[in-house]
Amino acid sequence: MTTPAAHPRFADALRALGLDGLPTRSFPEATRTAAEAAAAIGCELSQICKSLIFAADGVPVLVLMDGASRVDVELVRRELGAEKVTRARADVVRETTGYAIGGVPPFGHRTRTRVLADRGLLAHDVVWAAAGTPHTVFPMAPKDLVRHADATLVDVRERTA
């Protein structure tokens, strides 16, 4: 049995960005959650870049967050000037990005979406993100990931007491 490669849409996005040589890693076991990905890769949980879709007044927005942290939806709401921000439903995630939850990459989506990247990602030299499937990941310097995702750097991490 072979392990799956990066999702074809994501592979196309890498080629379009001139990143077709970017290494992706495939795992037979799922890397759907940040904890599963960190365990499979052998990195810190905070080195995983989660790609999370929210709905801001019904409009999808992508938030990139380190794997050890949670998104503070109130901070996202304020950042966007929205009335209400909620987690997007699975069908909205797939419709917006073209990928299933657990495999959403930070760029290469079906539709153009506003992207916010939490500044905490910059604490690492390299972060790992999904390559379009729940079994594939790729490494990238956070500043490059933010640039390729056309993301706005923000502070939207939930603060722990």
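- Under an unreviewed UniProt entry, the protein has the name YbaK/EbsC family protein and belongs to Streptomyces sp. 900129855.

## Focus on the pairing of strand β6 (residues 127-130)
Thinking step 1. Inspection of the sheet shows strand β2 (residues 48-56) paired to β6 by 2 bridges, in the parallel sense. Within the sheet, the bridge partner assigned to Ile-48 lies in β6 and is Trp-128.
Thinking step 2. Of the pairings in the sheet, the one linking β6 to strand β7 (residues 136-140) comprises 4 bridges and is antiparallel in character. The residue of β7 that forms the bridge with Ala-130 is Val-137.
Thinking step 3. Between β6 and the antiparallel strand that follows it, β7, lie 5 residues; Gly-132 among them carries a positive phi value of about 100°.

## Some points on the UniProt feature "domain: YbaK/aminoacyl-tRNA synthetase-associated" (unreviewed entry) in the protein
Thinking step 1. The UniProt entry lists residues 29-147 under the feature "domain: YbaK/aminoacyl-tRNA synthetase-associated" (unreviewed entry), expressed in the numbering used here.
Thinking step 2. Span residues 29-147 is 25% helix and 29% strand, its end C-alpha atoms 30 Å apart.

## Details of helix α4 (residues 90-97)
Thinking step 1. Taken together, the buried positions of α4 are occupied by Val-93, Thr-96 and Thr-97. Angular distribution of buried residues about the axis of α4 spans 80°; they occupy a single face of the element.
Thinking step 2. Its buried side turned inward, α4 meets α1 (8-16), β2 and β3 (59-66).
Thinking step 3. Directly beyond the C-terminal end of α4, a positive phi value near 90° is found at Gly-98.

## Comments concerning the packing of aromatic side chains
Thinking step 1. One pass over the full model with this rule turns up 3 aromatic pairs.
Thinking step 2. Arranged with centres 5.1 Å apart and planes meeting at 35°, the rings of Phe-10 and Phe-138 form a pair that is tilted. One end of the pair, Phe-10, is in helix α1; the other, Phe-138, is in strand β7, with 128 residues separating them in the sequence.
Thinking step 3. Seen in terms of ring centroids, Phe-107 and Phe-138 are 5.9 Å apart; in terms of plane orientation they differ by 65°. Their pairing is edge-to-face.

Cut-offs used in this document
Residues numbered from 1 in each chain as written. Predicted model: local features only at pLDDT ≥ 70, side-chain atom pairs only at ≥ 80, totals over all residues. Heavy atoms only, no water. Pairing = 2+ DSSP bridges. Helix = DSSP H or I, 4+ residues; strand = E, 2+ residues; numbered from the N terminus. UniProt positions renumbered as here; feature names shortened; annotations may be inferred. Buried < 20%, exposed > 50% of the residue type's maximum accessible area, 1.4 Å probe, protein only. Arc of directions from axis to C-beta. Contact = heavy atoms within 4.5 Å. Phe/Tyr/Trp six-rings, centres within 6.5 Å; stacked < 30°, edge-to-face > 60°.

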